[in-house]
Amino acid sequence: MEISALNKLQPKAAQLEFMQCCTANVWVERMVAAMPFSSFDTLSAQADINWQGLTEADYLQAFEGHPKIGDVSSLREKYRSTEKIAAGEQSGVNTATEKTLTQLKQLNDDYQEKFAFIFIVCATGKTASQMLEILSQRIVNERSDEIINAAEEQRKILQIRIEKMIALPATINTASNVKEI
């Protein structure tokens, strides 16, 4: 959808679009209130501005919009589809071994138990081994530090989703026809 199409949306439809980028209600409300946007750069900058100063409860609400990394079979499927892309970007990239996937699943469970929210990381372009390394480094943090880390990763994710939203063709925006991003 083009910026001009986004700007023409009624508030409810705009909320649905922004909710696909981030599920923090306060952030979505701020984005709708900031409309119209003169350019993609303005939209992107406003998304960051509106992300700043949210409360921990707002961040947690955004984190809840992400599925938790599930069982080993779902991890295997996720990384099978990305290993070729990652291998093309970097020579010598290791494919996801069963051991790596099992460790990733267990550490994700441990992380959620410790911090009371799921592990959030901008996973675009990362292999399972890289994700495991990042998770291993972050799980030793204090909860207050980890909220900050996760919030920054969420900000990166919402920026990617905004870019995808604008890059996609316009859709009919109804409550029953919300596109997945």
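Notes on the structure follow.

About the cut-offs
In this numbering scheme, every chain counts its residues from 1 along its sequence in written order. Two thresholds apply to this predicted model, a pLDDT of at least 70 for residue-level local features and 80 or more for giving and counting side-chain atom pairs, whereas whole-chain, interface and lining totals are computed over all residues. Side-chain measures here rest on the full set of heavy atoms in the structure, leaving out hydrogens and waters. By definition, any uninterrupted DSSP run of H or I lasting at least four residues is a helix, any uninterrupted run of E lasting at least two residues is a strand, and each is numbered from the N terminus. We call two residues in contact whenever any of their non-hydrogen atoms come within 4.5 Å of each other. Per-residue and other accessible areas follow the Shrake-Rupley method at a 1.4 Å probe size, with only the shown protein chains counted as cover for residues. Each salt bridge in this description consists of a side-chain nitrogen of Lys or Arg and a carboxyl oxygen of Asp or Glu lying within 4 Å of one another. A simple rule labels every residue: compare its accessible area, found with a 1.4 Å probe on the protein chains alone, to the largest value its type can have, and call it buried under 20%, exposed over 50%, or partly exposed in between. Comment: axis = line fitted to C-alpha atoms, over the contacting stretch for helices; angle = value between 0 and 180 degrees taken between N-to-C directions. In what follows, roughly perpendicular refers to angles from 65 to 115 degrees, roughly parallel to angles under 35, roughly antiparallel to angles over 145, and oblique to any angle outside these ranges. Note on convention: near helix rotated counterclockwise from far helix by under a right angle means a left-handed crossing. Clockwise means right-handed. Note on residue classes: Ala, Val, Leu, Ile, Met, Phe, Trp, Tyr, Cys and Pro are nonpolar, Asp, Glu, Lys and Arg are charged, and everything else, Gly too, is polar. Directions pointing from the helix axis toward each C-beta atom define the arc. Put simply, a nonpolar core is a bunch of buried Ala, Val, Leu, Ile, Met, Phe, Trp, Tyr and Cys residues held in one set by side-chain atoms that sit within 4.5 Å of each other.

Before going further, it helps to spend a moment on the overall build of the chain. Counting secondary structure elements, the chain contains nine helices and zero strands. Sequence-distant contacts, at least 24 apart, represent 70% of the contacts inside the chain between residues at least 6 apart. Counting only carbon and sulfur atoms, one obtains 52% of the accessible surface of the chain, whose full area is about 9,800 Å².

Enumeration over the complete set of coordinates arrives at six salt bridges. With a shortest N-O distance of 3.1 Å, aspartate 48 and arginine 155 are connected by a salt bridge. Note that aspartate 48 is positioned in helix 4 (residues 40-51) and arginine 155 in helix 9 (residues 143-167), a separation of 107 residues in sequence. Between lysine 156 and glutamate 153 there is a salt bridge, with its nearest N and O atoms 2.9 Å apart.

Bringing the environment of threonine 55 into the picture now. Inspection of the secondary structure assignment puts threonine 55 in the loop between helix 4 and helix 5 (56-63). When its relative accessible area of 42% is taken as the criterion, threonine 55 is described as partly exposed. Along the backbone, threonine 55 and valine 26 are 29 residues apart, and their C-alpha atoms lie at a distance of 9.4 Å.

So, about the packing of helix 5 against helix 9. The geometry of a pair of packed helices is captured by two quantities: the angle between their axes and the separation between those axes. Running from N to C, helix 5 and helix 9 cross one another at 55°; their axes reach a closest spacing of 10 Å. Comparing the axis directions of helix 5 and helix 9 gives the class oblique. Every pair of crossing elements has a handedness; the one defined by helix 5 and helix 9 is left-handed. In this structure, helix 5 contributes Glu56, Tyr59, Leu60, Ala62 and Phe63 to the contact, and helix 9 contributes Arg143, Ile147, Ala150, Ala151 and Gln154. Here the contact of helix 5 with helix 9 is built from residues that sort into seven nonpolar, one polar and two charged.

A word on helix 3 (residues 25-34). Along helix 3, the residues that are buried comprise Trp27, Val28, Met31 and Val32. Summarising the axial view, the buried residues of helix 3 lie within an arc of 135°, below the 170-degree limit, and thus occupy one face. Structurally, helix 3 contributes buried residues whose contacts are with helix 2 (11-19), helix 4 and helix 9.

We now examine the nonpolar core. In this structure, Leu6, Phe18, Trp27, Phe37, Leu43 and Trp51 are the most contacted members of the largest nonpolar core, which totals 47 residues. Contributions of two or more residues to this core are made by helix 1 (3-8), helix 2, helix 3, helix 4, helix 5, helix 7 (98-115), helix 8 (128-138) and helix 9. By residue number, the principal contributor to this core is helix 9, which donates eight residues. If we ignore the near neighbours within four places in the chain, the residues touching leucine 6 are Met1, Phe18, Met35, Phe37, Leu43, Met165 and Ile166.

Residue proline 36 is bonded to the preceding methionine 35 through a cis peptide linkage, with omega at 5°. Tracing the chain through its elements places proline 36 in the loop between helix 3 and helix 4. At alanine 116, a residue that is not glycine, the phi angle is positive and equals roughly 70°. The residue alanine 116 is located in the loop between helix 7 and helix 8 in this model. What makes alanine 116 exposed here is its relative accessible area of 60%.

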